[in-house]
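Descriptive analysis of the structure
Here is how the chains run, residue by residue.
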Amino acid sequence: MAVEDDTREELAESLYDALRTQDPIDRLTAEHDLTMEDAYDIQTRFIERRLDDGAEIVGHKIGLTSDGIQEQLGVDEPDFGRLLDTMFVEGREIPGEDLIAPRIEPEIGFVMEETLEAPVTYLDVLDATSAVLPVVEVIDSRVRDWDIRIQDTIADNASSALYVAGEQMSLANTDLSLEGVKLYKNGTLESSGVGAAVLDHPARSVAWLANTLADLDEQIEAGHVVLSGSLTPAVDLAPGDVVSVEFTSIGTVNARLAEE
């Protein structure tokens with residue numbers, strides 16, 4: 001049973017307060033039996049507060065795209081959050097003052113040339129994409145110690161925080177399912193992966209999003225950026241850490257988390 005409207009509003013406000021103060025909260029599901037519908041509604045209310053602060057929606061991010069993380073959280077499909085213009089990091093210095101427990105993930109970003117109208121296949125996504133770009137996504141949780149269930153991360157805008165992007169690249173002659181990546185932190189190889197880790201092909205992840213949004217009377221708009229999901233497990237990030245994400249063919253992104 002869905003929770004009351006007032007409760008959803010209170011939970012959205014608690015996430016917003018945690019974002020503003022960097023004071024994490026207990027997971028929402030510790031005291032509330034949230035449905036997926038509850039969680040996405042709380043996310044919408046959370047985002048509305050950020051829009052009231054002047055942010056704009058510029059796309060979406062997709063999470064939980066690997067088998068391992070889905071098994072960990074006991075789910076069988078991804079989740080999504082809204083991408084805001086205030087999440088984009090200009091330059092290569094990641095600001096840390098608004099983060100609680102940051103982690104990084106290497107992702108392939110899609111720049112949409114056309115609006116995607118469901119039903120959509122991954123081939124439709126590729127046809128509608130003007131370019132792809134290498135991305136370092138900084139995820140963060142307003143829930144203490146990353147003690148989350150699927151409903152908690154959805155409500156928390158899919159645990160999104162910031163992202164750093166490289167140059168846009170053409171999709172010509174690139175098989176994104178075979179695109180490899182290496183993730184280095186402070187010069188040490190932390191993880192590596194391949195595009196097929198993201199629902200067998202990153203464009204399938206974007207197609208899932210387009211079809212899911214259609215059920216909510218929303219769509220992926222032309223000009224939007226979509227972060228398709230991580231090719232590797234997330235890696236913890238501490239102040240002063242320098243990271244490098246090296247893709248096989250779509251480029252490299254270097255970044256550093258600012259000292260406190």
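The sections below set out a description of the structure shown in this document. (Residues numbered from 1 in each chain as written. Predicted model: local features only at pLDDT ≥ 70, side-chain atom pairs only at ≥ 80, totals over all residues. Heavy atoms only, no water.)

1. Considering the packing of helix α1 (residues 5-21) against helix α2 (residues 36-52)
One can describe the packing of α1 onto α2 by two numbers: an axis separation of 8 Å at closest approach and a directional angle of 50°. With respect to α2, the element α1 is oriented oblique. The handedness of the crossing between α1 and α2 is right-handed. For the pair formed by α1 and α2, the contact residues are D5, R8, E9, L11, A12, E13, L15, Y16 and L19 on the first element and E37, D38, D41, I42, R45, F46, R49 and R50 on the second. Its residues assigned to classes, the contact of α1 with α2 comprises seven nonpolar, no polar and ten charged. (Axes fitted to C-alpha atoms, helices over the stretch in contact; angles between N-to-C directions. Helix = DSSP H or I, 4+ residues; strand = E, 2+ residues; numbered from the N terminus. Parallel < 35°, antiparallel > 145°, perpendicular 65-115°, else oblique. Left-handed = near helix turned anticlockwise from the far one by under 90°. Contact = heavy atoms within 4.5 Å. Nonpolar A, V, L, I, M, F, W, Y, C, P; charged D, E, K, R; others polar.)

2. Examining the layout of surface pockets
Roughly 360 Å³ of volume is contained in the second largest pocket. In terms of lining residues, the second largest pocket is bounded by 19 residues, among which L19, R50, T86, D98 and L162 are the most central. Those elements that provide at least two residues to the lining of the second largest pocket are α1 and β6 (160-165). Split into classes, the residues belonging to the lining of the second largest pocket amount to nine nonpolar, four polar and six charged. (1 Å grid on protein atoms, 1.4 Å probe; cavity = no way out; pocket = protein on both sides within 12 Å on 5 of 7 lines; lining within 4 Å. Points joined across faces, edges and corners; volume = space filled by probe spheres on them.)

3. A look at the pairing of strand β5 (residues 129-139)
Regular strands show a simple pattern: their side chains alternate between the two faces of the sheet. Here β5 lies mainly inside the structure; ten of its eleven residues are buried. As defined by bridge partners, strand β4 (residues 103-112) adjoins β5 across ten bridges and the pair is classed as antiparallel. Among the inter-strand pairings, M112 is bridged to a residue of β5, identified as T129. Bridge count between β5 and β6: five bridges; the pairing is antiparallel. By the bridge assignment, I139 is partnered in β6 with S160. (Buried < 20%, exposed > 50% of the residue type's maximum accessible area, 1.4 Å probe, protein only. Pairing = 2+ DSSP bridges.)

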